Amino acid sequence: MSVRGRRVALVAAGLAALLGAGACSAGGDSGSESRPAADAGGRADAGAAGAPEQAAPAAGGAGGTDLRVDQRSIIYTGTIQVQVADVDRAAREATDRVRAAGGFVGGDRRSSASADARAELTLRVPADRFAGFVDELVGLGRQQRREIRTEDVTEQTVDLDARIATQKARVDSARRLLARATSISDLVTLENEVGRREADLASLEAKKRRLADLTALSTVTVTFVGPDVSTADEGTDLGFLVGLKGGWKVFVDVFFVALTVLGALLPFAVVIGVPTVLLVRALRRRRARRGPPAGPAPRVPGPTGPVGPLPSGPPPVPATRSAP
């Protein structure tokens, strides 16, 4: 065969291969359209399973990129304890400052007892003002404890974005299959599948919103204490006065516990004890009115043994004889 003939044969073979591939893809599409809708769920899963492979490079690229600090998702959490002269005033000042910084008060718990007053506030402040805000709170008094924690959730955020995009594609695929359902059974099956996928999508979006809230607003838990409140970190003091103060506190606590128990038992004592005492007194008075029980008359001993009962009257006078 000549060179020209070989070229013609190769071109013909290539055209035949292209036409065959097109026919196969067309046949596959027509077969998928004519296939029952019950198999649509499996095709949707297969299509959605391929989506992570497309989203994975994007996620990996974002996670592997050396991002700046302002581009990363970081959760800041702080816990501080400040000793102040006036707890209520310091709490009001902290509330005003967090609102001025664009945040809000997430929790407020206070106990007022003169110098032993305590106020615990949970404050939410924008992340870019976290460090300066903590310093402002410490400036309200004398710092006793500070703990700052950070958590980098950049990879979790990127992963959630990829999973949300994938889940949205799965929901759209299931909805398209639902629109092409031809039987009641296929319709019910696909409706359940669409509902399940939409619920999964809503859960992922809720997690994303939660992460966005934690990264946008940092959390600062500040505790203001009075000048006479001893903290756990300062518990190394020893001595007679420290022991006396601890013992007195325990004594007062036990005394109030005893009063509490007595107050709880007093209603029972009134309801049960008073009628019981009145009943016992009534029985004693009744016995006293009756007198002692009558018994047998006492017997006097004779020369040879006991004789009969003593006479109740005067003793008899012996008879005298007259002289003859």
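Refer to the structure above for everything that follows.
Reading guide: rules and limits
Here, residues in each chain are numbered from 1, in the same order as that chain's written sequence. pLDDT decides what is reported in this predicted model: residues at 70 or higher carry local features, side-chain atom pairs at 80 or more are listed and counted, and totals for whole chains, interfaces and linings draw on all residues regardless. Values shown for side chains rest on all heavy atoms present in the structure; no hydrogens or waters enter the calculation. Two strands are said to pair when DSSP picks up at least two bridges between them. Each helix corresponds to a stretch of at least 4 residues labelled H or I by DSSP, and each strand to a stretch of at least 2 residues labelled E; elements are numbered beginning at the N terminus. All axes here are fitted lines through C-alpha atoms, helices being fitted over the stretch that makes contact, and every angle between N-to-C directions spans 0 to 180 degrees. The contact definition used throughout considers only heavy atoms, calling two residues in contact when any of these lie within 4.5 Å. Residues grouped as a nonpolar core are buried Ala, Val, Leu, Ile, Met, Phe, Trp, Tyr and Cys residues, joined through side-chain atoms within 4.5 Å. Classification of residues uses two cut-offs on accessible area relative to the type maximum, computed with a 1.4 Å probe and protein chains only: under 20% is buried, over 50% is exposed, and between them is partly exposed. Counted as salt bridges are all cases of a side-chain nitrogen of Lys or Arg within 4 Å of a carboxyl oxygen of Asp or Glu.

**Comments concerning the sheet that holds strand β3 (residues 118-126)**
Hydrogen bonds between backbone atoms are what pair the strands of a sheet, whose relative direction is either parallel or antiparallel. Sheet architecture is open: 5 strands sit in the order β2-β3-β5-β1-β4, paired in mixed fashion. Each edge of the open sheet carries a strand with a single partner, namely β2 (104-111) and β4 (142-152). The average angle at which neighbouring strand axes cross in this sheet is 10 degrees, direction not considered. Pairing geometry for β2 and β3, over 7 bridges, is antiparallel. Pairing of Arg 109 across the sheet is with Glu 120, part of β3. Against the sheet, helix α6 (residues 184-216) contacts β1 (74-83), β3 and β5 (217-225), and its axis sits at roughly 55 degrees relative to β5.

**Topic: the nonpolar core**
Among the nonpolar cores identified, the biggest contains 22 residues, and Leu 123, Leu 137 and Phe 224 are the most heavily contacted of them. Listed by contribution, the elements that provide at least two residues to this core are β1, α3 (87-100), β3, α4 (130-138) and β5. Residue contacts for Phe 224: discarding those within four places in its chain leaves Val 82, Val 84, Val 87, Ala 90, Ala 91, Ala 94, Ala 117, Arg 118, Ala 119, Leu 121, Leu 137 and Leu 140. Among the nonpolar cores identified, the runner-up in size contains 9 residues, and Val 153, Ile 164, Val 171 and Leu 214 belong to it.

**What about the pattern of salt bridges?**
Enumeration according to the criterion identifies 15 salt bridges in this entry. Glu 198 serves as the salt-bridge partner of Arg 175, at 2.6 Å between the closest nitrogen and oxygen. Taken together, the positions of Arg 175 in helix α5 (residues 154-179) and Glu 198 in helix α6 put the pair 23 residues apart, joining distant regions of the chain. Relative accessible area serves as the criterion here: at 43%, Arg 175 is assigned to the partly exposed category. A salt bridge links Arg 196 to Asp 200, with the nearest nitrogen and oxygen atoms 3.7 Å apart. Of this pair, Arg 196 and Asp 200 both sit in helix α6, 4 residues apart, which is roughly one turn of the helix.

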